[in-house]
Structure formats: C-alpha cells, structure tokens
Amino acid sequence: MALIITDECINCDVCEPECPNQAISQGEEIYEINPDLCTECVGHYDTPQCVEVCPVSCIIVDPNRAEDHEQLIEKYRFLTTGANRAPQG
C-alpha cells in the first residue's frame, strides 16, 4: 500500500528528505506522497522512514491503494533498476 499524508500535516519538512524514492513533495497546502513512487520503504528500510520521523503521526496507509509486500518489492525493483514491468495501480 502506498502511504498518504493527512491534513494534520504541519509542513515541518522532515519527511521529504527521508524518502529514498523521492515520492514526497510539497503540495498546495501540505506535503503529498506520489503513490506510484511510494514503496513504504520496502527494499530500502524495514519501516517507512517518513512515518518514523513525522512528529504529528499524519502519515498513514492509503486505504485506496492496496498493495501487498510482493507488489511493493516489484515496484521497488522497477524504480531502482527498471526491471520487470511497470507497477500496477
């Protein structure tokens, strides 16, 4: 599953540099996560780094983007090497 940032975001700027996939960027109001780039840090870390550093716990699993561990690994491989096929979503 991709992660999303809720409107409780305080724009503290700590999550964006932690994302190894560069999936986080400043939106109009709050930071946003590109679900096509988010692997929940699978392939990079054991836990999502943005969730670890968020001081207000506003980063949650996106219920509309169900992906299992294998799909996240496949997305990671595609993003880092271009191997396999494009991520489904």
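Everything below is about the structure printed above this text.
Please read these numbers as outputs of a predicted model, since none were measured by experiment.

K.L.:
Just checking my understanding: could you explain the nonpolar core for this structure?
P.N.:
A general tendency of soluble globular proteins is for nonpolar side chains to be buried together. Ranked by internal contacts, the top residues of the largest apolar core, which has 16 residues, are Ile5, Cys15, Ile24, Ile33 and Ile59. For this core, the secondary structure elements donating two or more residues are strand E1 (3-5) and strand E3 (31-33). Excluding residues that lie within four positions of it along the chain, isoleucine 33 makes contacts with Leu3, Ile4, Ile5, Ala23, Ile24, Cys38 and Ile59.

K.L.:
Help me out: how do you make sense of helix H2 (residues 69-81) in this one?
P.N.:
Owing to its 3.6 residues per turn, the α-helix brings residues three or four apart onto one side. The end-to-end C-alpha distance of H2 is 18 Å, a good match for the 18 Å that 13 residues give at a rise of 1.5 Å each. Where H2 is concerned, the buried positions are Leu72, Ile73 and Lys75. The buried residues of H2 occupy an angular sector of 160° when the element is viewed end-on, so they sit on one face. Facing away from the buried side of H2 by more than 90 degrees, the exposed set consists of Glu70 and Thr81. For H2, the capping residue at the N-terminal end is aspartate 68, with a side-chain oxygen 3.1 Å from the backbone nitrogen of glutamate 70.

K.L.:
Would you mind going over the environment of threonine 39 with me for this structure?
P.N.:
Structurally, threonine 39 is set in the loop between E3 and helix H1 (49-53). For the pair threonine 39 and alanine 23, spaced 16 residues apart in the sequence, the C-alpha separation amounts to 8.8 Å. Beyond its immediate stretch of four places on either side in the chain, threonine 39 contacts Asn21, His44, Leu72, Lys75, Tyr76 and Leu79.

K.L.:
Just to check I follow, could you spell out unusual backbone geometry for this structure?
P.N.:
Leaving glycine aside, a negative phi is the common case for residues, and trans is the common case for peptide bonds. One non-glycine residue, glutamate 40, lies in the positive phi region at around 55°. Mapped onto the secondary structure, glutamate 40 falls in the loop between E3 and H1. You can call glutamate 40 buried: its relative accessible area is 17%. Unlike most non-glycine residues, serine 57 shows phi in positive territory, near 50°. The topology assignment puts serine 57 in the loop between H1 and strand E4 (59-61).

Analysis parameters
- Residues numbered from 1 in each chain as written.
- Predicted model: local features only at pLDDT ≥ 70, side-chain atom pairs only at ≥ 80, totals over all residues.
- Heavy atoms only, no water.
- Core = buried A, V, L, I, M, F, W, Y, C linked by side-chain atoms within 4.5 Å.
- Buried < 20%, exposed > 50% of the residue type's maximum accessible area, 1.4 Å probe, protein only.
- Helix = DSSP H or I, 4+ residues; strand = E, 2+ residues; numbered from the N terminus.
- Contact = heavy atoms within 4.5 Å.
- Expected span 1.5 Å × (residues − 1).
- Arc of directions from axis to C-beta.
- Polar contact = N/O pair within 3.5 Å; in protein donor to acceptor, adjacent residues only side chain to side chain.

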